[in-house]
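Descriptive structure summary
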Amino acid sequence: MLAETTTFTLDGITALPVRVEVDVHRGLPGFQIVGLPDTAVREARERVRAAVANCGFEFPMQRITASLAPADLRKAGPALDLALATALLGAAGELAIEPLAGWALIGELALDGSVRPVRGALAMAEAARAAGRRGVIVPTANGPEAALAPGISVLTIESFSELGSLREGELPGRTAEAAAPGDASRLPDLADLRGQDHLRAAVEIAAAGQHGLLMIGPPGAGKSLAARRIPSVLPPLTGEEIIEVARIAGACGVENGEISSVRPFRAPHHTVSAAGLVGGGSPPRAGEITLAHRGVLFLDELCEFNRPALEALREPLETGFVTIARASGRQTLPSRFALVAAANPCPCGRGEDDPACRCSEAAARRYRAALSGALVDRIDLVVGVGQPSAEELAGPPGEGSEAVRERVIAARELMSERLGPGRTNADAGPDEVASFQVTPDGARLLAEAHRAWQLSGRAHGRIMRVARTIADLAGSGPIEEEQMAAAIQFRRRSR
Ligand SMILES: Nc1ncnc2c1ncn2[C@@H]1O[C@H](COP(=O)(O)OP(=O)(O)O)[C@@H](O)[C@H]1O
Ligand SMILES: [Mg+2]
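Criteria and cut-off values
Counting from 1, residues in each chain are numbered in the order their sequence is written. Each chain takes a letter, starting from A, and each ligand takes a number, starting from 1, following the order in which they are written. Reporting in this predicted model follows two pLDDT cut-offs: at least 70 for local features of residues, and 80 or more for side-chain atom pairs to be given and counted; totals over whole chains, interfaces and linings ignore these cut-offs and use all residues. Note on conventions: DSSP H or I runs of at least 4 residues are helices, E runs of at least 2 residues are strands, and numbering of each starts at the N terminus. The burial criterion counts other C-beta atoms lying within 10 Å of a residue's C-beta, which is placed from the backbone; the residue is buried at 20 or more, exposed at 12 or fewer, and partly exposed between these limits. Whether two residues are in contact depends on their C-beta atoms, placed from the backbone: they are in contact if these lie within 7 Å. Using the backbone to place each C-beta atom, any residue with that atom within 6 Å of a molecule or strand is considered near it. Only Asp, Glu, Lys and Arg are considered charged in this grouping, and only Ala, Val, Leu, Ile, Met, Phe, Trp, Tyr, Cys and Pro are considered nonpolar; every other residue, Gly among them, is considered polar. For the purposes of this analysis, a nonpolar core is taken to be any set of buried Ala, Val, Leu, Ile, Met, Phe, Trp, Tyr and Cys residues that are connected through C-beta atoms within 7 Å. Should DSSP find at least two bridges between two strands, the strands are regarded as paired. Note that the domain bounds were set by an automatic or database domain assignment. Only the stretch in contact is used when fitting a helix axis, every axis being a line fitted to C-alpha atoms; angles between N-to-C directions are given from 0 to 180 degrees. Roughly parallel means an angle under 35 degrees; roughly antiparallel, over 145; roughly perpendicular, 65 to 115; everything else is oblique. Helix crossings are classified by the rotation of the near helix relative to the far one: an anticlockwise turn of less than a right angle makes the crossing left-handed, while a clockwise turn makes it right-handed. Multiplying 1.5 Å by the residue count of a helix minus one yields the expected span of that helix.

**Points about the overall build of the chain**
Helix and strand counts for the chain come out as 19 helices and 19 strands. Each principal axis of the C-alpha atoms in the chain carries an extent, and together these give about 90 × 50 × 45 Å. Per-residue burial over the chain gives 45% buried out of 495 residues. Sequence separation of 24 or more characterises 75% of the internal contacts of the chain that already satisfy a separation of 6 or more.

**As for the environment of T319**
Mapped onto the secondary structure, T319 falls in helix α11 (residues 307-319). The exposed category is assigned to T319, around which 12 C-beta atoms lie within 10 Å. Remark: the alpha-carbon pair of T319 and P334, spanning 15 residues in sequence, is separated by 9.4 Å.

**Structural notes on the site of ligand 1**
Within the structure, ligand 1 sits among 15 residues, and R194, G222, K223, S224 and L225 are positioned closest to it. Among the residues making up the shell around ligand 1, the classes are represented as seven nonpolar, five polar and three charged.

**Comments concerning the nonpolar core**
If you look at the biggest cluster of nonpolar residues, it comprises 141 residues, and the most contacted ones within it are I106, V136 and L381. With eight residues, the single largest contributor to this core is helix α3 (residues 81-91). Among all residues touching I106, those that are not within four sequence positions of it are T7, F8, A79, L82, V118, A121, M124, V136, I137 and V138.

**Observations concerning the sheet that holds strand β19 (residues 381-384)**
Strand order in the open sheet made by the five strands is β12-β15-β18-β11-β19, with parallel pairing throughout. Edge positions in the sheet fall to β12 (265-266) and β19, since each of these pairs with one other strand and no more. Pairing geometry for strand β11 (residues 213-216) and β19, over four bridges, is parallel. Across the sheet, I216 pairs through a bridge with G384, a residue of β19.

**Remarks on the domain arrangement of the chain**
It is common to give the size of an interface as the accessible area that goes away when the parts come together. Domain annotation of the chain identifies domain 1 (2-175), domain 2 (184-403) and domain 3 (428-495). Between domain 1 and domain 2, the C-alpha centre-to-centre distance is 40 Å. Elements that contribute at least two residues to the side of domain 1 that touches domain 2 include exactly β1 (2-11), α4 (121-130) and α5 (143-146). It is α4 that provides the largest number of residues to the side of domain 1 that touches domain 2, a total of three residues. Considering only residue class, the side of domain 1 that touches domain 2 consists of 10 nonpolar, three polar and four charged.

**A short note on the packing of helix α18 (residues 457-474) against helix α19 (residues 481-489)**
Contact geometry for α18 and α19: axes closest at 8 Å, N-to-C directions at 130 degrees. Considering the angle they form, α18 stands oblique to α19. As α18 packs across α19, the resulting crossing turns out to be right-handed. Residue-level inspection shows I463, V466, A467, I470, A471 and A474 of α18 in contact with α19, the latter providing Q483, M484, A486, A487 and I488. A breakdown of the residues in the contact of α18 with α19 according to their chemical character gives 10 nonpolar, one polar and no charged.

**Things to note about helix α6 (residues 197-209)**
Over its 13 residues, α6 runs 18 Å from end to end, which matches the ideal 18 Å to within 8%, given 1.5 Å per residue. Burial within α6 is extensive, with 10 of its 13 residues counted as buried. When α6 is considered as a whole, its buried residues turn out to be L199, R200, A202, V203, E204, I205, A206, A207, A208 and G209. Residues of α6 that are buried sit in contact with β11, α7 (223-227), β18 (338-343), β19, α15 (401-419) and α18. The positive-phi residue at the C-terminal boundary of α6 is Q210, with phi of around 60 degrees.

**Topic: the packing of α4 against helix α8 (residues 239-252)**
Running from N to C, α4 and α8 point in directions that differ by 115 degrees, and their axes come no closer than 6 Å. Contacts between α4 and α8 involve A121, L122 and A123 from the first element and A246, R247, G250 and A251 from the second. Looking at the contact of α4 with α8 residue by residue, the class counts come to five nonpolar, one polar and one charged.

**As for the environment of T6**
Residue position: T6 is located in strand β1. For T6, a count of 21 C-beta atoms within 10 Å translates into the label buried. As a C-alpha pair, T6 and R366 span 360 residues in sequence and 56 Å in three-dimensional space. Non-local contacts of T6, meaning those with residues more than four positions away in its chain, are made with P17, R19, A83, A104 and R133.

**A short note on unusual backbone geometry**
Residue A69 is joined to P70 through a cis peptide bond whose omega torsion reads 0 degrees. Secondary-structure assignment places P70 in the loop between β4 (63-69) and α3. In this structure, L36 is a non-glycine residue whose phi angle is positive, near 50 degrees. Inspection of the secondary structure puts L36 in the loop between β3 (30-34) and α1 (39-42). For Q210, which is not glycine, the phi dihedral falls at a positive 60 degrees. Its location among the elements puts Q210 in the loop between α6 and β11.

Shown next, in the form of structure tokens:
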């Protein structure tokens, strides 16, 4: 007899439908899977065999052929187990699976029949809706994530044995509730950063305008501490962005399936490869920049990262997406993130102005080469960070994240009024920058700076964008002289 179920397989962060057809007929007992299964799918035979028997169903002692269609699509991972086991019992006549028509089945089976969570449940639920399915049946742990998908019913099951309900003609499982997204209340707070007024201002400006931020200073000054508190001052993700971020995190198996309105913060180690950072490899995976989509990518110890990895960042930083090669052609992954980086001024960290610095001139120059690359040229804000004083460290805590976040949100509203929904000053184009209102004194100051330092066109635009954000944090008026002066201070230190 023949039976068919529907499931999904992940390709990068995209879920693609897979039809599972099982044929059971007389002959020498055997179990064969065809249709480009990977190792995990081939091993499904053993999991399905054990799970079926341990859930009190009869495993057919006949010749079993399972075909996964479309035949030319690579099927990866254990998420196909549930659909395979169900089609098998349907084909063997053990279960009448007609009630499952229009439903997709997703889940890995343990040997005892319990249904284990899989990666990509949200992407799969969305794909099920796009394919016109009525609903999906998913592992209990994936329910809150899958139920975020609009317009599709989600049922959850704990064990394969629940499929026994089909004997009464009923669908198995319980209706899933969509996850209630977590918020910023449990994040580390910017109040922990004492002193460092200049760095604090830079963090607020970067958060408001979505500007890139580079902090240069000696070890132990609070650079990493400040960077890790940036998510707490960023505006929460919108409803659609929550789904977008959860889809990516779910498909990549990060965040333990926790759904949150807090923007992602990714801090890859400096040994990360170019493929690890931007995506790719074999099998192709999303990189850190895609996991940082809609949030922050933090490169701590920037000068220690390998050059090819940093070079690979340039294009996605400008376009907001990255294209990676796959067996089945190219795939475009989203990567709109704010770049935050920290660096020591020289290998020993003291900086060449400090007499205790023993770095050779050549070593210091090699080290700083990373700071003069094309990547850093695209970072809007550069801030020099000194050591906090003993008084500052012993003093009262700084302003808390909530108050800063409120100003950031207000500034963002001005930006979307001016530039369009969701847009920020960091991605203002040349024409938009040229249309920013500046007071005569502000314009004169910028012209003077331009002459004094022979600013490039890019540096000019950077100062204007940062100045606009500083002005937006203060209200909606034209850029004033002192706001322009503050923006000029965050100009890259040219040394
Ligand atoms: N400005 C500061 N306010 C409060 N604590 C600080 C500050 N600077 C440094 N510290 C303390 O020193 C530790 C190391 O700071 P860190 O941010 O890792 O320095 P950096 O990244 O600049 O090398 C922090 O965990 C914190 O305990
Ligand atoms: Mg650090």
